[in-house]
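Residues per chain are reported as follows:
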Amino acid sequence: MKFLHASPSFLKPLPATARSVSAHKGMPRARKAAKKRWEPQDQAPRPNSAQSGATTTPLPVTTPPPLTSAFPSNLFHLTRSGALEAFTPNLPATRFLSSRSIRCLTYNTYSASPSYTTRQSISLLRVIRSTRADLIVLQEVSETLEALLHREAWARDYVMSTTRGFSEAAGKGNGGGGKAGGEEAVLVMVKKDLMEMGSRCEFERLEVGPAEGGKALVELRLMNASGNEQLRLVTSHFSSLPQNAHIRRTQLSLALSFLTTSPATSSLLLGDFNNASESELELLSPFLTDSYTPPSSSTDLFRDSPTYGELYPFFYGGRGAKRKPRRIDRCYYGGSASVRGYELVGREQVRDAGGKRIWDREGAEGRVWPSDHLGVVVTVRL
């Protein structure tokens, strides 16, 4: 099901004609027909992604209606005063997607954990800023981290989704929560100068496993200066645990449906895949390519260059059972896109206000780290 807006409470109320996310609450998890959303008069609506093989002709560029209509924006931007305002691209972008490389970051922040500290948040935001990424997707984002992000001057260069919008779209799931029951969200940030007229962001609720909290896809369409859909991006924090492999397959199939139905010139799928094996992701290979190029000596793509399990090698609460390092944070690309660079970030140790490294018996080297994951930065040519 589609969720087309989730405006913060401090924005103006929507008109009575607008559909609200709350209208979808209580619906069964079985997939329903796509909900009515704004479509320009000269454009056919996107087919239900559950209908495999459905195709349509490429869509012409059309400027979305103003925010007073039934199609509010899911993207917001920070003003100079720090206020968060709804954002709808209504001017040509200053950079043309079709003629440049962009940097993409996916990073599981771990900030929704009750044990996560302000010093970790400060360190993590410093890492994110240092990547100079054009497109940023973050997982396990807490409202506290979001609030700190809004205080960062560099964040004014981006438009972004909100934790509240994601939470309302994802729903409550099957009664579970985030880390130790905490609220967590997926957040997307895009450089303002890439937001061409007609670009938009939507949410799509996902099926989840037993005792899991709500999850959703975040779907982004970026237009180019010629009025064509240049880039289609989808991200999520997919279900965890080995026993939920069939749930992850369903979730990934829905993400593929979004990317391959009337596909854009280029496509990206990135996030925390939580896969329990490399074979789980084989369904992606006919359509997308892994951005990671292993060394010739590599024999295990699942554990080679791990993004999880090294910074905090032991399960929380003791130094008994060890985590298995593995590569679960990834970026896949398709269409005319090509990869020009790949790197991992987040190895900087967290320090206190005086600059001293902070001790943590559960962390690698006995230190505190910005997250229990590493971030993945990929340079993509469109």
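Quick caveat: nothing in here was measured; it's all calculated off a predicted structure.

What follows concerns the side chain of E212. Within the fold, E212 resides in the loop between β8 (200–205) and β9 (216–223). Summary of buried charges: E212 has no salt-bridge partner, and the nearest side chain of opposite charge, K215, is 4.5 Å away. Within the structure, E212 has its side chain in polar contact with the backbone nitrogen of S240 (distance 3.4 Å).

Ring pairs (aromatic) are described by centroid distance and by the angle formed between their planes. A complete count under the given rule lists six aromatic pairs for this structure. Taking the centre distance of 6.0 Å and the plane angle of 85° together, the rings of W154 and Y158 count as edge-to-face. The same class applies to W154 and to Y158, which are both buried. Aromatic pair F273 and Y332: ring centres 5.6 Å apart, planes at 65°, arrangement edge-to-face. Pair noted here: F273 is in the loop between β11 (266–272) and β12 (289–290) and Y332 is in strand β13 (residues 329–335), with a separation of 59 residues, a long-range link.

Let's shift gears to the nonpolar core. Within soluble globular proteins, side chains that are nonpolar tend to cluster in buried spots. Membership of the largest hydrophobic core comes to 42 residues, with the highest contact counts inside it found for I102, L135, V190, L220 and L268. Not counting chain neighbours up to four residues away, the residues in contact with L268 comprise C104, L135, L231, R232, L233, V234, L259, C331, Y332, Y333 and V380. If you look at the next biggest cluster of nonpolar residues, it comprises 26 residues, including L78, L105, V141 and V377.

Secondary-structure assignment places T79 in the loop between β2 (76–78) and β3 (84–86). Here the side chain of T79 touches S81 through a polar contact of 2.9 Å, side chain to side chain.

On to the pattern of salt bridges. All chains considered together, the criterion is met by 11 salt bridges. Linking D290 and R327 is a salt bridge whose minimum nitrogen-to-oxygen distance equals 2.9 Å. Here the residue D290 occupies a position in strand β12, and R327 occupies one in the loop between β12 and β13, the gap between them amounting to 37 residues. Judged by relative accessible area, which is 18%, D290 ranks as buried. If you follow the salt bridges from partner to partner, you end up with E278, D290, R327 and R330 in one network.

What counts as what
- Residues numbered from 1 in each chain as written.
- Predicted model: local features only at pLDDT ≥ 70, side-chain atom pairs only at ≥ 80, totals over all residues.
- Heavy atoms only, no water.
- Helix = DSSP H or I, 4+ residues; strand = E, 2+ residues; numbered from the N terminus.
- Buried < 20%, exposed > 50% of the residue type's maximum accessible area, 1.4 Å probe, protein only.
- Lys, Arg positive; Asp, Glu negative; His and termini not counted.
- Salt bridge = Lys/Arg side-chain N within 4 Å of Asp/Glu carboxyl O.
- Polar contact = N/O pair within 3.5 Å; in protein donor to acceptor, adjacent residues only side chain to side chain.
- Phe/Tyr/Trp six-rings, centres within 6.5 Å; stacked < 30°, edge-to-face > 60°.
- Core = buried A, V, L, I, M, F, W, Y, C linked by side-chain atoms within 4.5 Å.
- Contact = heavy atoms within 4.5 Å.

From the geometry alone we can't say anything about function, so treat these as descriptive.
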